[in-house]
Amino acid sequence: MSGEPQAPEERPVGGTEYSWCKAVPTGTGTTVLALLLSKPPEISSIQTALHNLQNSHPILRSKLHFNTTTRTFSYLIPPTPHLQIQPFDLSSTARILQSLHTPNDNDDDDDDHHHYSITPFHLILEHEINQNTWRDPDQPSYADEDVFFASLYTLSEAQWALTLRLHTSACDRTAAVSLLKELLTLVVNGGEGEETEFGDKGEVNLGIEELIPAGKANKPFWARGVDMLGYSLNSLRTATLDFRDVESPRNTQVVTLQMSSDDTQKLLAGCKSREIKLCAVLAAAGLIAAYTSKHLPDHQREKYAVVTLTDCRSILDPALCSHHLGFYHSAITNTHDIYAEENLWELAKRCYMSFTNAKNSNKHFTDMSDLNFLMVKAIENPGLTPSSSLRTAVISVFEDPVIDDSDGIHQQLGLEDYVGCASVHGVGPSIGIFDTIRNGGLRCACVYPSPLHSREQMQELIDHMRRILVDACNQLESES
Ligand SMILES: *[C@@H]1O[C@H](CO)[C@@H](O)[C@H](O)[C@H]1NC(C)=O
C-alpha cells in the first residue's frame with residue numbers, strides 16, 4: 001500500500017448514534033469539557049497531545065458524513081489527525097464575554113434575593129455548549145463536520161479556559177472523562193506519551209447495538225407495540241416544571257450544585273446503609289424540589305418521569321472499558337407519582353427499586369431502539385410534548401457518578417477547575433445532572449433549556465435540592 005494516498009475509512013452509524021445525529025443539530029448532545037487553567041498553557045504541546053488522542057482513538061478524528069443517496073450517516077475517518085486549537089486572545093475573549101451578558105442576566109443581578117456570580121469561566125462554558133456546528137442534513141447549510149473541536153480562551157493575564165467540544169454520538173460522559181485523564185497525562189509529559197496504552201488501539205469501535213449480548217435485546221412483537229404506546233403516552237405526557245418562555249429560541253444554561261466533602265460523605269453513607277445509589281437520592285431530591293416549585297394544593301399528586309443513564313460498557317459482548325470512546329449509554333425511563341410531604345429516603349428507595357427492576361429485566365437493552373425511535377419522533381413532531389417544549393422527563397441522572405481524586409496532577413498543570421456536561425435544549429429533560437465526586441465532595445453541573453426555564457427558576461430549584469440533601473444528611477446524623 002506504500003505510496004498510495006490512503007482513503008478515509010468509513011463506518012456507518014448505529015441506531016443510537018443515528019438518533020444523536022438527529023438530536024445534536026436541534027440542541028441536545030453537544031458535549032463540552034471546560035478546563036480552567038492558572039498557568040500559561042503551551043498551545044503546541046496541547047495540540048500534540050490532542051493529535052496523539054486522535055491517533056489512539058480514530059473516532060476523534062472522524063467527520064460525520066451524510067450520504068444524500070442512501071440518506072444514511074457514517075463516520076469518515078481520515079488516516080491522520082488534523083485538529084487545530086482555535087485560540088482566543090484577551091481582547092477577542094473579552095468581546096465574547098461582553099456579548100454573553102444578556103439584559104436578562106443584568107435584571108437577575110438587580111434582584112434582591114438572588115446574586116449570581118457568573119464567572120467568565122462559566123460564561124465560556126455556556127458559550128461553548130451552545131456552539132452548534134452540526135447541521136441537520138435537510139438544512140441547506142449542511143456539510144460534513146468534524147466530531148471534535150478545541151478552543152483556548154484567554155480570560156485574563158492569569159487565567160485560561162481550554163475547551164473540548166464533541167458530538168455526543170462519538171463521546172459519552174464516560175468517554176469524556178477518559179479523554180480528560182488521557183489528555184492530562186499527555187500534557188504532563190509535554191504532549192508525548194505511549195500512544196495506545198489505553199482503549200481503542202487505533203480502531204473504531206462498533207455501535208452499541210452490535211455489542212448487545214445475544215438474546216438480551218429480543219422482545220416479542222406484541223410487547224413492542226404495548227411498550228411504545230406506554231412510552232408515548234406516559235413519558236411524553238408526564239408533568240413538567242413550569243415553563244417561563246415556550247416561544248423564544250432555546251439554548252442551554254448551567255447551574256452548579258455543590259456539597260462539602262463532609263456532607264457528601266454522610267450522604268454516601270446514607271445511600272450505602274439503604275443499599276441504594278447516589279443517582280436515586282439525587283433524582284428524589286430533584287422530584288421533591290420540582291413538586292414544591294409548583295405550589296400545588298396538598299392533596300394533588302403529580303406524575304414525573306426520571307431518566308437514568310446507564311453505562312453499558314462492562315456488560316457488552318465483548319465488554320468495553322472506559323477508554324473505549326463512543327456512545328455506550330442506555331436510558332431507562334421511570335415514572336413516579338409525587339405527593340406533598342414526600343420523605344427523601346423513601347422516595348429515593350422507590351426511584352432506585354423501579355430503576356433496578358427495569359434493569360434486571362434488561363430494559364436498557366430491550367427498549368433501546370424504541371426510545372431512540374421516540375426521541376427522533378419527538379424531534380420531528382415537537383407537538384407530541386407539552387407546549388412543544390420537547391421535554392421527555394423532568395430530570396436525568398447517571399447511574400454512577402464520576403469519581404476524581406487526582407488532585408496532584410491538577411496542581412502540576414495549574415488546573416483550577418473543570419466542568420463536563422452536554423447541551424439539552426433540543427429534546428431532553430428539564431434538568432440534566434452531571435455529577436462528580438471530586439476529592440470527596442459532590443459537584444454537579446445541572447443543565448437546562450433556557451429561556452424555557454429561567455436562571456432564577458433553576459437556581460432556586462437547585463438550591464432547594466441542595467437543602468433537601470443536606471437536611472437528609474443531618475437527619476441521618478441525629479438518628480445515629
Ligand atoms: C452513497 O452511497 C452509495 C451506496 O453505498 C455509494 O455508491 C455512493 O458513492 C455514496 N455517495 C457518497 C457521496 O458518499
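Refer to the structure above for everything that follows.
What counts, and at which threshold
Residue numbers here run from 1 along each chain, matching the order of that chain's written sequence. In keeping with the predicted nature of the model, local features appear solely for residues at pLDDT of at least 70, side-chain atom pairs appear and are counted solely at 80 or more, and the whole-chain, interface and lining totals rest on all residues. Excluded from the side-chain calculation are hydrogens and water; included are all heavy atoms of the structure. Helix and strand assignments follow DSSP, with helices taken as H or I runs no shorter than four residues and strands as E runs no shorter than two, numbered in order from the N terminus. Accessible area is worked out with a 1.4 Å probe on protein chains only. A residue is then buried under 20% of its type maximum, exposed over 50%, and partly exposed in between. Accessible surface is estimated by sampling points in the Shrake-Rupley manner with a 1.4 Å probe; for residues, cover comes only from the protein chains shown. Near, as used in this document, describes a residue that has one of its heavy atoms within 4 Å of the molecule or strand being considered. Polar contacts, as counted here, are pairs of nitrogen or oxygen atoms within 3.5 Å of one another; within protein the pair requires one atom able to donate a hydrogen and one able to accept it, and residues that are adjacent in sequence qualify only if both atoms are side-chain atoms. To define a nonpolar core, start from buried Ala, Val, Leu, Ile, Met, Phe, Trp, Tyr and Cys residues and group those joined through side-chain atoms within 4.5 Å. The contact criterion used is simple: two residues touch if any of their non-hydrogen atoms lie within 4.5 Å. Any two strands with at least two DSSP-identified bridges between them are counted as paired. Angles here are taken between N-to-C directions and fall from 0 to 180 degrees, while the axes themselves are lines fitted to C-alpha atoms, restricted in helices to the stretch in contact. What sets the label is the angle itself: under 35 degrees gives roughly parallel, over 145 gives roughly antiparallel, 65 to 115 gives roughly perpendicular, and the rest give oblique. We call a crossing left-handed when the near helix sits turned anticlockwise from the far one by less than a right angle, and right-handed when that turn is clockwise. Throughout this entry, Asp, Glu, Lys and Arg are counted as charged residues, while Ala, Val, Leu, Ile, Met, Phe, Trp, Tyr, Cys and Pro are counted as nonpolar. The remaining residues, Gly among them, count as polar. Any carboxyl oxygen of Asp or Glu within 4 Å of a side-chain nitrogen of Lys or Arg constitutes a salt bridge here.

## What to know about the overall build of the protein
Link 1 in the chain: Each helix and strand in the protein was counted, giving 14 helices and 16 strands.
Link 2 in the chain: Taking all 480 residues of the protein together, 56% fall into the buried category.
Link 3 in the chain: When the accessible surface of the protein is totalled, it reaches about 20700 Å², and 51% of it is carbon and sulfur.

## Notes on the site of the ligand
Link 1 in the chain: The environment of the ligand is formed by His65, Asn67 and Thr70.
Link 2 in the chain: The separation between an oxygen atom of the ligand and a polar side-chain atom of His65 is 3.3 Å.
Link 3 in the chain: Asn67 is positioned such that a nitrogen or oxygen atom in its side chain is 2.2 Å from an oxygen atom of the ligand.
Link 4 in the chain: In isolation the ligand exposes 360 Å². Once the protein is present, 31% of that is buried.

## Some thoughts on the nonpolar core
Link 1 in the chain: Judged by nonpolar contacts, the single largest core of 53 residues is most densely connected at Val281, Leu344, Ile431 and Ile433.
Link 2 in the chain: It is helix α9 (residues 278-293) that provides the largest number of residues to this core, a total of 13 residues.
Link 3 in the chain: Excluding residues within four positions of it along the chain, Ile433 makes contact with Leu282, Ile395, Ser396, Val397, Phe398, Cys444, Ala445, Cys446 and Met465.
Link 4 in the chain: Counting residues in hydrophobic clusters, the runner-up holds 40 residues, among them Cys21, Phe148, Leu162 and Ala175.

## Comments concerning the sheet that holds strand β7 (residues 148-154)
Link 1 in the chain: Within the open sheet, the 5 strands sit side by side as β5-β7-β8-β2-β14. Their pairing is mixed. With one partner strand each, in any of the chains shown, β5 (86-88) and β14 (415-424) form the two edges of the open sheet. Strand-to-strand twist across the sheet, computed as the mean angle between neighbouring axes with direction ignored, equals 15°.
Link 2 in the chain: Here β5 runs beside β7; their pairing, made up of 3 bridges, is parallel.

## What to know about the packing of α9 against helix α10 (residues 344-360)
Link 1 in the chain: At a minimum axis distance of 8 Å, the contact between α9 and α10 shows a crossing angle of 120°. The orientation of α9 with respect to α10, classified from their angle, is oblique. As for how α9 packs across α10, the hand of that crossing is right-handed. Of α10, the residues touching α9 (which contributes Ala280, Val281, Ala284, Ala285, Leu287 and Ile288) are Leu344, Trp345, Leu347, Ala348, Cys351 and Tyr352.
Link 2 in the chain: Residues belonging to the contact of α9 with α10 are distributed by class as follows: 12 nonpolar, no polar and no charged.

## Details of the pairing of strand β11 (residues 329-338)
Link 1 in the chain: For β11, the tally of buried residues reaches 7 of 10 residues, placing the bulk of the element in the interior.
Link 2 in the chain: Where strand β10 (residues 302-311) lies against β11, 10 bridges are found, and the strand directions are antiparallel. When the bridges of β11 are listed, Glu302 appears paired with Ile338.

## A few points about the pattern of salt bridges
Link 1 in the chain: Going through the model one piece at a time under the given rule, you end up with 21 salt bridges.
Link 2 in the chain: Two residues, Asp146 and Lys63, come together in a salt bridge whose shortest N-O distance is 3.2 Å. Highlighted residues: Asp146 in strand β6 (residues 145-146) and Lys63 in strand β3 (residues 63-67), separated in sequence by 83 residues.
Link 3 in the chain: Where Lys277 meets Glu399, a salt bridge forms, and the shortest distance between an N and an O atom there is 2.9 Å. Of this pair, Lys277 sits in the loop between α8 (261-273) and α9 while Glu399 sits in the loop between β12 (391-398) and β13 (402-404), placing them 122 residues apart in sequence.
Link 4 in the chain: A relative accessible area of 25% places Lys277 in the partly exposed class.

## Considerations on the sheet that holds β6
Link 1 in the chain: Taken together, 4 strands build an open sheet; the order of strands is β1-β4-β3-β6 and the sheet is antiparallel. Only two strands of the sheet have a single partner each, and these edge strands are β1 (9-12) and β6.
Link 2 in the chain: Direction of pairing for β1 relative to strand β4 (residues 72-77): antiparallel, over a ladder of 4 bridges. Across the sheet, Pro12 pairs through a bridge with Ser74, a residue of β4.

## Notes on unusual backbone geometry
Link 1 in the chain: Residue Asp317 is joined to Pro318 through a cis peptide bond whose omega torsion reads 0°.
Link 2 in the chain: Among the structural elements, Pro318 can be located in the loop between β10 and β11.
Link 3 in the chain: Between Ser450 and the following residue, Pro451, the backbone shows a cis peptide bond with an omega angle of 5°.
Link 4 in the chain: As for its placement among the helices and strands, Pro451 is situated in the loop between β16 (441-450) and α14 (455-479).
Link 5 in the chain: A positive phi angle is found at His295, which is not glycine, with a value near 50°.
Link 6 in the chain: Relative to the helices and strands, His295 is located in the loop between α9 and β10.
Link 7 in the chain: Positive phi, close to 65°, is recorded for Asn362, a residue that is not glycine.
Link 8 in the chain: Counting through the fold element by element, Asn362 comes out in the loop between α10 and α11 (363-366).

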